[in-house]
Amino acid sequence: MGEWGFLGGLFDSLQAHSPMLGRFWLLLMLIFRIVILGTVASDLFEDEQEEFACNTLQPGCKQVCYDMAFPISQYRFWVFHIVLIATPSLLFLVYTMHHHNKKNSKFNQRYNEDIRLRRLYIVNVVFRILAEVGFLVGQWLLYGFKVEAQFPCSRFPCPYTVDCFTSRPAEKTVFLCFYFVVGAIAALFQLC
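Computed from a predicted structure; not experimentally measured.

Student: What exactly am I supposed to notice about the packing of aromatic side chains here?
Tutor: In this description, a pair of aromatic rings is defined by centroid distance and the angle of the planes. Going through the model one piece at a time under the given rule, you end up with ten aromatic pairs. A centroid spacing of 6.1 Å and a plane angle of 45° characterise the contact between Phe 175 and Phe 178, whose relative ring orientation is tilted. Of this pair, Phe 175 and Phe 178 both sit in helix α6 (residues 169-191), three residues apart, which is roughly one turn of the helix. The class of Phe 178 is partly exposed, set by a relative accessible area of 27%. Site record: aromatic cluster; members linked through ring pairs are Phe 77, Phe 80, Phe 135 and Tyr 143.

Student: Got a minute to help me understand unusual backbone geometry in this structure?
Tutor: Glycine aside, the phi torsion of most residues is negative, and most peptide linkages are trans. Across the junction of Phe 156 and Pro 157, the peptide omega takes the value 15°, indicating a cis bond. Note that Pro 157 resides in the loop between β2 (150-153) and β3 (162-165). Of note in the backbone geometry, Arg 168 takes a positive phi value of approximately 50° without being a glycine. The exposure class assigned to Arg 168 is partly exposed, which follows from its relative accessible area of 34%.

Student: Is there a simple way to explain the nonpolar core in this structure?
Tutor: Nonpolar side chains tend to gather and get buried jointly when the protein is soluble and globular. Ranked by internal contacts, the top residues of the largest apolar core, which has 35 residues, are Phe 52, Cys 65, Phe 70, Trp 78, Val 162, Cys 164 and Phe 175. Elements that contribute at least two residues to this core include exactly α2 (20-45), α3 (61-69), α4 (74-102), α5 (107-143), β2, β3 and α6. At nine residues, α2 tops the list of elements feeding residues into this core. In this view, Phe 70 contacts Glu 48, Phe 52, Tyr 143, Val 147 and Thr 166; residues no more than four positions away in its chain are not counted. Of all hydrophobic cores here, the second largest spans five residues; its members include Phe 92, Leu 117, Val 125 and Ile 129.

The rules behind these values
Residues numbered from 1 in each chain as written. Predicted model: local features only at pLDDT ≥ 70, side-chain atom pairs only at ≥ 80, totals over all residues. Heavy atoms only, no water. Phe/Tyr/Trp six-rings, centres within 6.5 Å; stacked < 30°, edge-to-face > 60°. Helix = DSSP H or I, 4+ residues; strand = E, 2+ residues; numbered from the N terminus. Buried < 20%, exposed > 50% of the residue type's maximum accessible area, 1.4 Å probe, protein only. Core = buried A, V, L, I, M, F, W, Y, C linked by side-chain atoms within 4.5 Å. Contact = heavy atoms within 4.5 Å.

Dropping the structure here:
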């Protein structure tokens, strides 16, 4: 039960020092990213490399073609995205909890601390915006908006151009577009 008390303290600190859109961003982050990525995407991408099939038995060909088709796993890319986006917010929350618990009695010190907290919050939001836009561009450059069912590959050690096939491409395409839209909405809220 002690873990939930700590999280409650973090959320109380968040409510005291962030605007309404910042709180909504956290809800968007928790529900539409972490929960969905942890429940739906983990099942969708767990057999990703095993189910990637190529029409050759040449040793090593399947692995290099998979690497060419998916330079980084979409699931790992999104997990790294969440970690990078959430870290500044968590650092800000820890910092505000630390200073909130100090309870300075002098008005002038509290006023200076509030200004410092606002500046730190703005730096936090700017970093999140830059990271969000960077990851959206990265996702678009790496994967586009569609996971192709068939992937032609002519990389060494493949003896000729082989056709490789991804598992559940339509489902992965829907999830790819969903995650892009959620990222765009999160970036818009952060700009607001």
